[in-house]
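# Per-entry structural report
This is what each chain is made of:
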Amino acid sequence: MLAATVGVPSDDGSVRVVDAVRRPRVLIREVLAGLVVGLALIPEAISFSIVAGVDPGVGLFSSVVMAIVISIVGGRRAMISAATGAIALVVAPVAKEHGLQYLIATVVLAGIIQIVLGAVGFAKLMRFIPRSVMVGFVNALAILIFIAQLPHLINVPTLVYPLVALGVLIIVFFPRLTKAVPAPLVAVVVVTAIALLAGLQIPTVGDEGALPSGLPPFGVPQLPFTLETLGIIGPYALAAAAVGLVESLMTAKLVDEITETGSNKSRESIGQGIAQIASGLFGGMGGCGMIGQTMINVRESGARTRLSTFSAGVFLLVLMLVFHDLVGMIPMAALVAVMIMVCVGTFDWHSIRLTTLRRMPVGETTVMVITVAVVVATENLSIGVVVGVLVAMVVFARRVARFATVTRSQPAGGVVRYRIRGELFFATSNDLTHHFEYSADPADVVIDMRESHVWDASTVAALDAISTRYARRGKSVTIEGMNETSTRFHRRLTGELGDGH
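Report follows, based on the coordinates. (Residues numbered from 1 in each chain as written. Predicted model: local features only at pLDDT ≥ 70, side-chain atom pairs only at ≥ 80, totals over all residues. Heavy atoms only, no water.)

The next point concerns the overall build of the chain. Along the chain, the regular secondary structure elements total 21 helices and 6 strands. Dimensions along the principal axes, computed over C-alpha positions, put the chain at roughly 100 × 60 × 50 Å. Considering the chain as a whole, with its 501 residues, one finds that 53% of them fall into the buried category. Within the chain, counting contacts between residues at least 6 apart in sequence, those at least 24 apart form 83% of the total. Per element, the accessible surface of the chain, about 22400 Å² overall, is 64% carbon and sulfur. Positive and negative side-chain charges of the chain, numbering 37 and 33 respectively, have mean locations separated by a distance of 8 Å. (Helix = DSSP H or I, 4+ residues; strand = E, 2+ residues; numbered from the N terminus. Buried < 20%, exposed > 50% of the residue type's maximum accessible area, 1.4 Å probe, protein only. Contact = heavy atoms within 4.5 Å. Areas by Shrake-Rupley, 256 points an atom, 1.4 Å probe, with all protein chains shown as cover. Lys, Arg positive; Asp, Glu negative; His and termini not counted. Charge placed at Lys NZ, Arg CZ, Asp CG, Glu CD.)

Next up, the structure:
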């Protein structure tokens, strides 16, 4: 049924589920990749549940539902969606001040908002995120993932360190023997076996919180559907929807680059909303795309289909309900080793090489560094991306502003001609009025705009101000050479923006 549902042909070059099912080697790779991700999701989901102030089962079942649903309705193959820290931070005040039912309602409303945003083309905004912000996003995420592992490496038994080192070595060198089995899974199995056989007293997954042993009830939130309720959950739902979409679309874009395939961002946005609603109806805390687990799935385990995402959700469910006692015995050292290698693989090391820094424009490097700093300081990827984009806009505007020039010429006894070259918008047109010699120029002035383009009202206002200043001195201005688009824009706004100055 899954193959028939999600094995629809596409032109993005990625492997389809139906193809994976027909090829045993690929099938095994996808399923085992899902198992690795399912194991890695357990401590993460438990931790995020604690952040949100709810029972660990809420985060775990939220991860199960989101992974399974997004594997069917999402727009990016092999991407993992589950409970996340960003969403947990947004909805935590609702759970703390109003209780679980209001949190669930917030999650459902956030899903509805995401569907609407997806339908109106929110995903198209991703084209305005420059590469420097993307690099900063990736590097900051790697740093955050590593910081999240520090509690499992500080003030722990000495035996934890050699086990972590062993896990890292297995992940690095096992693929040289074979890639049929994901190296992270081998690392988890070997480290767990050593710890159990040797009877080592080290922190385990079970120490992070109790795993649930039963399914959650399905149903709508039990609370009054009034404007007062909407006023309580609305702001949090809007924030959760925005944060969830930004992180999910950024993760999808990163997977596109790694796999050299495309994805349907609008479908992913709508799919995130559907998964969010499903999570809420099963009593979950919602979530979004998880770049750390996605990197485990795509980069470390080599997964490429929806089957891996579906398997992650199913395995997580089975591990919780059937093998919860065994899962509780897995040493945290094994999962820390996996996440450390995710950090190493996620970080863009090329971006900090001296040769790269020497060649890269200072503005680009500044944008990347600021994005990293804001994300790490706030522990919020979305805030970092927004700040990074704003800084990139300022850098771009300053750079483009330098390319607009005004040249004055006057043949002997002839008309003064000013030639404007470059793109004219607020950053370049604000100083435009200072390039003209109003008192010294003769009665007739020509402004030649054949090599420029009018982009905004600031430029029209500047041209009006220039004409007004000449008019006050009894002189006339003729603007010529505008292209058709600039002419229409100028004709529509000229004289309507004030009296000039």
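The next point concerns the packing of helix H3 (residues 24-52) against helix H13 (residues 306-321). The relative placement of two packed helices is expressed as an angle between their axes plus a distance between the axes. Interhelical geometry of H3 versus H13 gives an angle of 50° and a closest axis separation of 7 Å. With respect to H13, the axis of H3 lies oblique. In this structure, H3 crosses over H13, and the sense of that crossing is right-handed. Of the residues in H13, those touching H3 at Leu27, Glu30, Val31, Ala33, Gly34, Leu35, Val37, Gly38, Leu39, Leu41 and Ile42 are Leu307, Ser308, Ser311, Ala312, Phe315, Leu316 and Leu319. Residues belonging to the contact of H3 with H13 are distributed by class as follows: 13 nonpolar, 4 polar and 1 charged. (Axes fitted to C-alpha atoms, helices over the stretch in contact; angles between N-to-C directions. Parallel < 35°, antiparallel > 145°, perpendicular 65-115°, else oblique. Left-handed = near helix turned anticlockwise from the far one by under 90°. Nonpolar A, V, L, I, M, F, W, Y, C, P; charged D, E, K, R; others polar.)

Now for the state of the cysteines. According to the stated counting rule, one finds 0 disulfides in the structure shown. The thiol sulfur of Cys288 is not disulfide-bonded, and the nearest other cysteine sulfur, from Cys343, lies at 18 Å. (Disulfide = S-S within 2.5 Å.)

Spatially, 4 strands are ordered S3-S4-S5-S6 in an open sheet, and the strand pairing comes out mixed. Sheet topology places strand S3 (405-409) and strand S6 (476-480) at the edges, where each strand pairs with a single neighbour. The sheet shows a mean angle of 20° between the axes of neighbouring strands, direction not considered. Sheet analysis places strand S5 (residues 444-454) next to S6, joined by 5 bridges and oriented parallel. Residue pairing for S6: Val446 is matched across the bridge by Thr478. (Pairing = 2+ DSSP bridges.)

On the surface, a nonpolar cluster with roughly 580 Å² of combined accessible area is contributed by Leu196, Val314, Val318, Val322, Phe323, Leu326 and Met329. Secondary-structure assignment places Leu196 in helix H9 (residues 183-198). Accessibility expressed as a relative area gives 42% for Leu196, which makes it partly exposed. (Patch = residues over 30% accessible without salt bridge, like charges linked within 9 Å, V, L, I, M, F, W, Y side chains within 5 Å. Salt bridge = Lys/Arg side-chain N within 4 Å of Asp/Glu carboxyl O.)

On to helix H7 (residues 131-149). With 19 residues, H7 ought to run about 27 Å at 1.5 Å a step, and its terminal C-alpha atoms sit 28 Å apart, in line with that. Counting buried positions along H7 gives 14 out of 19 residues, so the element sits mostly inside the fold. (Expected span 1.5 Å × (residues − 1).)

Inspection of the secondary structure assignment puts His453 in strand S5. On the basis of relative accessibility, which here comes to 14%, the residue His453 falls in the buried class. A polar side-chain atom of His453 sits 3.0 Å from a polar atom in the side chain of Asn483. If we skip the residues at most four places from it in the chain, His453 touches Gly422, Glu423, Leu424, Asn483, Thr485 and Ser486. (Polar contact = N/O pair within 3.5 Å; in protein donor to acceptor, adjacent residues only side chain to side chain.)

Running from N to C, H9 and helix H15 (residues 332-346) point in directions that differ by 155°, and their axes come no closer than 8 Å. What the angle tells us is that H9 and H15 run roughly antiparallel. For H9 against H15, the interelement crossing comes out right-handed. Across from Pro184, Val188 and Val191 in H9, the residues of H15 making contact are Ala334, Leu335 and Val338. In terms of residue class, the contact of H9 with H15 is built from 6 nonpolar, no polar and no charged.

Scanning all chains against the criterion turns up 14 salt bridges. Here Arg419 makes a salt bridge to Asp448, at a shortest N to O gap of 3.4 Å. A residue pair is termed long-range when its members are at least 10 positions apart, and Arg419 in strand S4 (residues 416-424) and Asp448 in strand S5 qualify at 29 residues. The class of Arg419 is partly exposed, set by a relative accessible area of 25%. The exposure class of Asp448 is buried, given its relative accessible area of 0%. For the salt bridge of Glu451 with Arg421, the shortest nitrogen-to-oxygen distance reads 3.3 Å. Taken together, the residues Glu451 in strand S5 and Arg421 in strand S4 connect sequence positions 30 residues apart. Of the residues examined, Glu451 reaches a relative accessible area of 41% and is grouped as partly exposed.

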